[in-house]
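Tertiary structure, described
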Amino acid sequence: MNKIFSLKSISFVCLLLIFSCSQTDKSKSTKSDSNNSELAEKELDSAFKKMWKNLTLTDAVEYFKTDVSDSFFTINADGIVQNKAEFLADTKRIEMLEILSFEFFDQQIKVYDNVGIINGRIKAFSEGTYVGEVFYTAIFVKDNNVWKYENWQGTWTKDSPPPPSFVSENETKKVN
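As the structure is a computational prediction, the values presented were derived from the model and not from experiment. (Residues numbered from 1 in each chain as written. Predicted model: local features only at pLDDT ≥ 70, side-chain atom pairs only at ≥ 80, totals over all residues. Heavy atoms only, no water.)

So, on to the overall build of the protein chain. In terms of helices and strands, the protein chain carries 5 helices and 6 strands. Its helices and strands taken in sequence order, the protein chain reads α-α-β-β-α-α-β-β-β-β-α from the N to the C terminus. The buried share of the protein chain, taken over its 176 residues, is 31%. Of the contacts formed within the protein chain by residues at least 6 apart in sequence, a portion of 49% connects residues at least 24 apart. (Helix = DSSP H or I, 4+ residues; strand = E, 2+ residues; numbered from the N terminus. Buried < 20%, exposed > 50% of the residue type's maximum accessible area, 1.4 Å probe, protein only. Contact = heavy atoms within 4.5 Å.)

A few words now on helix α4 (residues 91-99). Where α4 is concerned, the buried positions are R93, I94, M96 and L97. Along the axis of α4, the buried residues cluster in a sector spanning 155 degrees; they form a single face. (Arc of directions from axis to C-beta.)

Inspection of every chain in the model, using the stated rule, returns 15 aromatic pairs. Between the aromatic rings of F72 and F87, the centroid separation amounts to 6.2 Å while the plane-to-plane angle is 75 degrees, which identifies the pairing as edge-to-face. Of this pair, F72 sits in strand β1 (residues 68-75) while F87 sits in helix α3 (residues 84-89); the two residues are 15 residues apart in sequence, bridging distant segments of the chain. Across this residue pair, the class does not change: F72 and F87 are buried. Ring-pair connections join several aromatic residues into one group, and the members of that group are F48, W52, F102, F104, Y136 and W152. (Phe/Tyr/Trp six-rings, centres within 6.5 Å; stacked < 30°, edge-to-face > 60°.)

Of the pairings in the sheet, the one linking β1 to strand β6 (residues 146-156) comprises 4 bridges and is parallel in character. Looking across to β6, one finds that I75 is bridged to Q153. Where β1 folds back onto strand β2 (residues 81-83) in an antiparallel hairpin, the turn is made up of 5 residues, including G79, whose phi is positive at roughly 90 degrees. (Pairing = 2+ DSSP bridges.)

What follows concerns the pattern of salt bridges. This model, assessed by the stated rule, comprises 9 salt bridges. Here E43 ties to K142 by a salt bridge, and the two come within 2.9 Å at their closest N and O atoms. Highlighted residues: E43 in helix α1 (residues 2-53) and K142 in strand β5 (residues 129-143), separated in sequence by 99 residues. Under the relative-accessibility criterion, E43 is labelled partly exposed at 29%. We classify K142 as partly exposed; its relative accessible area is 25%. (Salt bridge = Lys/Arg side-chain N within 4 Å of Asp/Glu carboxyl O.)

Let's shift gears to the pairing of strand β4 (residues 115-126). The pairing of strand β3 (residues 101-112) with β4 spans 10 bridges and is classified as antiparallel. Bridge pairing in β4 places E103 opposite K123. Note that β4 and β5 share 12 bridges and pair antiparallel. Directly across from I118, in β5, lies its bridge partner A138. What sits between the antiparallel neighbours β4 and β5 is a turn of 2 residues, in which E127 has the positive phi angle 50 degrees.

Attention now goes to the environment of W147. Along the chain, W147 turns up in strand β6. Placed 33 residues apart in sequence, W147 and N114 show a C-alpha to C-alpha distance of 8.2 Å. Here E43 takes part through its side chain, which lies 3.2 Å from a polar atom of the side chain of W147. (Polar contact = N/O pair within 3.5 Å; in protein donor to acceptor, adjacent residues only side chain to side chain.)

Right under this line is the structure:
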């Protein structure tokens, strides 16, 4: 009886040790994953801020060479869809981005391996006057340790004033 009891006791203690060790490893793994996720979110936030800062007539061309995916496309709040070349050729739109000031809020960052998704809202102002609000989604893909800007999609919010026309002269000529 003592042998059976001591074997059961030893087995029970061994199982407890194995279980507690596996739980410790899981908590370390979760903490490590959490740290990696936080780092990736910070990198993605920096990539987003860098993107927004470089959407200017002066900086866009160089930025698009190094930090924008070749398969980039945008669906703008006014319904204009553009690839990389079309966006860079639309200097009226880039000029508009330069002239307006923006307030970002309700931003959420999600990272899935090498894909980062940023959602939020932007209020746009022209010389301090509120001109509109847009829901947005920006997608980045990590390529060679660089978060590359992949896609943009914007939608006017229902409470936004009527959107201004951002159609460039080139797009007007295509329609006529």
